[in-house]
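A look at the structure
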Amino acid sequence: MSKTRIPAHLSKRFTRLSPAAAESIVRALHQHYFPRQIWGEVAYSTEQWLATAEGREDLQDHLDRRLNSFRSKVIPWLDSARPLLGARVLEIGCGTGASTVALAEQGAKVTAIDIDEPSMRVAEQRCAAHNVECELVLANGAGARQFLDREPYDFVIFFACLEHMTHAERIEAMRDTWQALPEGALWCVIETPNRLWYFDDHTSRLPFFNWLPDELAFAYSRFSPREPFRSSYRGLSADQMESFLRHGRGVSFHEFDLAMAQTSTLDVVSSLPLWSRRRGVLGLRELARRYKRRSRLERTLACHRPDIHPGFFQPYLDLIIRKRTMPAPA
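The shown structure was predicted, so the numbers you read here are calculated from the model rather than taken from an experiment. (Residues numbered from 1 in each chain as written. Predicted model: local features only at pLDDT ≥ 70, side-chain atom pairs only at ≥ 80, totals over all residues. Heavy atoms only, no water.)

With the rule as written, the count across this model stands at 21 salt bridges. Across the salt bridge formed by E135 and R150, the nearest N and O atoms sit 3.1 Å from each other. Pair noted here: E135 is in strand 3 (residues 135-138) and R150 is in helix 7 (residues 145-150), with a separation of 15 residues, a long-range link. Across the pair E151 and R150 runs a salt bridge, and its minimum N-O distance is 3.8 Å. Connected through salt bridges with shared partners, the residues E57, D61 and R65 form a single ionic network. (Salt bridge = Lys/Arg side-chain N within 4 Å of Asp/Glu carboxyl O. Helix = DSSP H or I, 4+ residues; strand = E, 2+ residues; numbered from the N terminus.)

And the structure:
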């Protein structure tokens, strides 16, 4: 695989952690993020969770993998659409703050919100460890319009969170942020699984899972190879269904039609996977392998909706959309 080419003006702004600063993030993860109930009815202590293969992977992801991935892939892509230096960014779904640091260290003025308080506590410590300034607010993304009403933003970014909202929350969040976004600003969705894709590698790791109605998917979760997900949902109740939905269900262009505008009229500036293909971020062999596997389904989906951007037919929705007012019909 070829190395990702990161523009020098971005890489020179990457912050460096001292061993003590890195250890402070580990302590915050142990104190706030891991000591809680994990997935439905299955509870783990920190030690039990980190003793599992998924727990160890999760810890490593939170320590540095996500930050490095954002730096090498997402940040150059966003910066290519509009320079991040000095940009005003509203980040919805900041989690434990890896994406927030990646944005703020580039000189963006970031307001980051998340509904999960333990994650927010880690984000606070991570930003302090990297010595970056941003505004961190505990809030539901469905109420994000209040921030846009307060001041204009150049970017509104839904970072891997639309899939964790209920349908009502998702539509409200998309509609309200789009309506309040200034003309010419950029509305972005990042790392949200596409409901139309045949394989769900985000939540269940099952084929066709996101094609199933919610109740059927709830019952079928017992066949997932992913623990403890497959053991978490047995008795259907309102609370259990909400927990199930918050694990992550796919999103597709249909929500954009309902909440923002007809998808065919949206000014899609860029799609991350298509942009990465053009730049040759992946090695030629890996690119050929992935494209061969995906191209048939992409072509099939595009055949039925040739009027909308091909970014809506990728396994994940990674889209930058420019707000522009359509002229009134004559």
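A few words on the nonpolar core. Proteins that are soluble and globular tend to have nonpolar side chains buried together. Of all hydrophobic cores here, the largest spans 40 residues; its most connected members are I92, F158, W187, F256, F312 and I321. Mapped by element, the contributors of at least two residues to this core are strand 1 (88-92), helix 7, strand 4 (155-159), helix 8 (167-180), strand 5 (186-193), helix 12 (253-259), helix 14 (284-304) and strand 9 (316-322). The element contributing the most residues to this core is helix 8, with five residues. Residues contacting F312, with those up to four places away along its chain left out, are N194, L196, F253, F256, T263, L266, V268, L317 and L319. Counting 31 residues, the second-largest nonpolar core is a separate cluster that includes V89, A102, C127 and L186. (Core = buried A, V, L, I, M, F, W, Y, C linked by side-chain atoms within 4.5 Å. Buried < 20%, exposed > 50% of the residue type's maximum accessible area, 1.4 Å probe, protein only. Contact = heavy atoms within 4.5 Å.)

Read across the open sheet, the seven strands follow the order 3-2-1-4-5-9-8; overall the sheet is mixed. Of all the strands in the sheet, just strand 3 and strand 8 (267-271) have a single pairing partner and so form its edges. Within this sheet the neighbouring strands show an average axis-to-axis angle of 20°, counted without direction. Here strand 1 pairs with strand 2 (residues 109-114) via five bridges, running parallel. From the neighbouring strand, R88 faces strand 2, where its bridge partner is K109. Taken strand by strand, helix 8 contacts strand 1, strand 4, strand 5 and strand 9, and its axis lies near 165° from that of strand 4. Relative to the sheet, helix 13 (residues 272-279) contacts strand 8 and strand 9, its axis offset from that of strand 8 by approximately 55°. (Pairing = 2+ DSSP bridges. Axes fitted to C-alpha atoms, helices over the stretch in contact; angles between N-to-C directions.)

Given a rise of 1.5 Å per residue, 14 residues ought to cover 20 Å, and the 20 Å separating the end C-alpha atoms of helix 8 matches this to within 8%. Those residues of helix 8 not exposed but buried are E169, R170, I171, A173, M174, D176, T177, W178 and A180. (Expected span 1.5 Å × (residues − 1).)

This next bit is on helix 2 (residues 19-33). The first and last C-alpha atoms of helix 2 sit 20 Å apart over 15 residues, in line with the 21 Å expected at 1.5 Å per residue. Within helix 2, the full set of buried residues consists of A21, S24, I25, V26, A28, L29 and Y33. Where helix 2 is buried, its residues contact helix 4 (53-81) and helix 6 (117-130).

Here the focus is the packing of aromatic side chains. As enumerated under the stated definition, the model contains 16 aromatic pairs in all. With 4.7 Å between their ring centres and 45° between their planes, Y220 and F223 make a pair best called tilted. The exposed category is assigned to F223, whose relative accessible area is 52%. Ring geometry for Y233 and F244: centres 5.5 Å apart, planes at 80°, overall edge-to-face. A residue pair is termed long-range when its members are at least 10 positions apart, and Y233 in the loop between helix 10 (229-232) and helix 11 (238-247) and F244 in helix 11 qualify at 11 residues. Exposure class is identical for Y233 and F244. Each is buried. Ring pairs connect the aromatic residues F209, F218, F229, Y233 and F244, which therefore count as one cluster. Against the face of F14 rests R71, its NZ or CZ located 4.7 Å from the ring centre. Here the guanidinium or amino end of K323 rests over the ring plane of W178, the centre of that ring lying 5.4 Å away. (Phe/Tyr/Trp six-rings, centres within 6.5 Å; stacked < 30°, edge-to-face > 60°. Lys NZ or Arg CZ within 6 Å of the ring centre and 35° of its normal.)

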